[in-house]
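Working through the structure, step by step
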Amino acid sequence: MKSVPHATSLRRAPVQRRSAERLTRILDACAALLDEVGYDALSTRAVATRAGVPIGSVYRFFGNKRQMADALAQRNLERYTEQVTGRLDGARPGDWRAAMDAVLDEYLSMKRTAPGFSLVDFGNQIPVGARHSEPNTRVADRLTDLLSAHLGRTPDEELRRVFLVAVESADTLVQLAFRVDPRGDEAIIHETRELLRAYLGRVLD
């Protein structure tokens, strides 16, 4: 799979298992606090307290809360990729509709259940409240590499452009669905699914 750039670099990568577990606790605490207090009230000290680690442990990995949010976004993308991969393993090779459902369903699941996801997403909301195209490009590149093998397609520039358009379109419509209803408006989600099927069918059928 093509390497996707990290949203940020850790000050120090965890080497030992204990250090990796500490980093996990820090990111888990960051995600929970984002849901509880929001980004503006988030602090590295509060994260350290919630994670049960010294404040120095947080600064060993991150210089500020923005870097923590970036790292959480990258972890979200890794977990999302793992979930989609698991779904594809049980799908019939070449069935792009089932693959598209997996991609959309797993994203909706994270929107509804993953702590902190509504604020940082895959980096699309960083700075919080803003939406930029670069994270969607990373997501589209990751999905192109992941889905091309499943679909028996060459991950060329045309396919990358098609998936980028699909990701950008779905992202905008899913955000709308969750503005209308905190759990995601089902009618808008249905329309999103139909739009993706119509658009992707031009290329993938």
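Our subject is the structure listed above.
How each quantity is defined
- Residues numbered from 1 in each chain as written.
- Predicted model: local features only at pLDDT ≥ 70, side-chain atom pairs only at ≥ 80, totals over all residues.
- Heavy atoms only, no water.
- Axes fitted to C-alpha atoms, helices over the stretch in contact; angles between N-to-C directions.
- Helix = DSSP H or I, 4+ residues; strand = E, 2+ residues; numbered from the N terminus.
- Parallel < 35°, antiparallel > 145°, perpendicular 65-115°, else oblique.
- Left-handed = near helix turned anticlockwise from the far one by under 90°.
- Contact = heavy atoms within 4.5 Å.
- Nonpolar A, V, L, I, M, F, W, Y, C, P; charged D, E, K, R; others polar.
- Core = buried A, V, L, I, M, F, W, Y, C linked by side-chain atoms within 4.5 Å.
- Buried < 20%, exposed > 50% of the residue type's maximum accessible area, 1.4 Å probe, protein only.
- 1 Å grid on protein atoms, 1.4 Å probe; cavity = no way out; pocket = protein on both sides within 12 Å on 5 of 7 lines; lining within 4 Å.
- Points joined across faces, edges and corners; volume = space filled by probe spheres on them.

Quick word on the packing of helix α5 (residues 96-113) against helix α8 (residues 157-180)
Interaxial distance between α5 and α8 falls to 12 Å at its minimum, and their mutual angle equals 40 degrees. Considering their axes alone, α5 and α8 lie oblique with respect to each other. In this structure, α5 meets α8 at a crossing whose hand is right-handed. Residues Leu-104, Tyr-107, Leu-108, Lys-111 and Arg-112 of α5 form the contact with α8, whose own contacting residues are Asp-171, Val-174, Gln-175 and Phe-178. For the contact of α5 with α8, the per-class residue count stands at five nonpolar, one polar and three charged.

Section: the nonpolar core
Among the nonpolar cores identified, the biggest contains 36 residues, and Tyr-80, Phe-122, Leu-143, Leu-147, Leu-200 and Leu-204 are the most heavily contacted of them. Secondary-structure elements contributing two or more residues to this core are α4 (65-89), α5, α7 (133-151), α8 and α9 (186-204). Considering every element that reaches this core, the biggest residue donor is α8, with nine residues. The contacts of Leu-200, once residues within four sequence positions are left out, are Trp-96, Met-100, Val-162, Phe-163, Ala-166 and Asp-205. Among the nonpolar cores identified, the runner-up in size contains 24 residues, and Leu-23, Leu-34, Val-53 and Ala-69 belong to it.

Some details on empty space enclosed by the protein
As enumerated under the stated definition, the model contains one cavity of 30 Å³ or more in all. Approximately 290 Å³ is the volume attributed to the largest cavity. Of all elements in the fold, only α5, α7, α8 and α9 reach the threshold of two or more residues within the lining of the largest cavity. When residues in the lining of the largest cavity are grouped by element, the largest group, six residues, is from α5. Residue classes in the lining of the largest cavity are distributed as 19 nonpolar, two polar and two charged.

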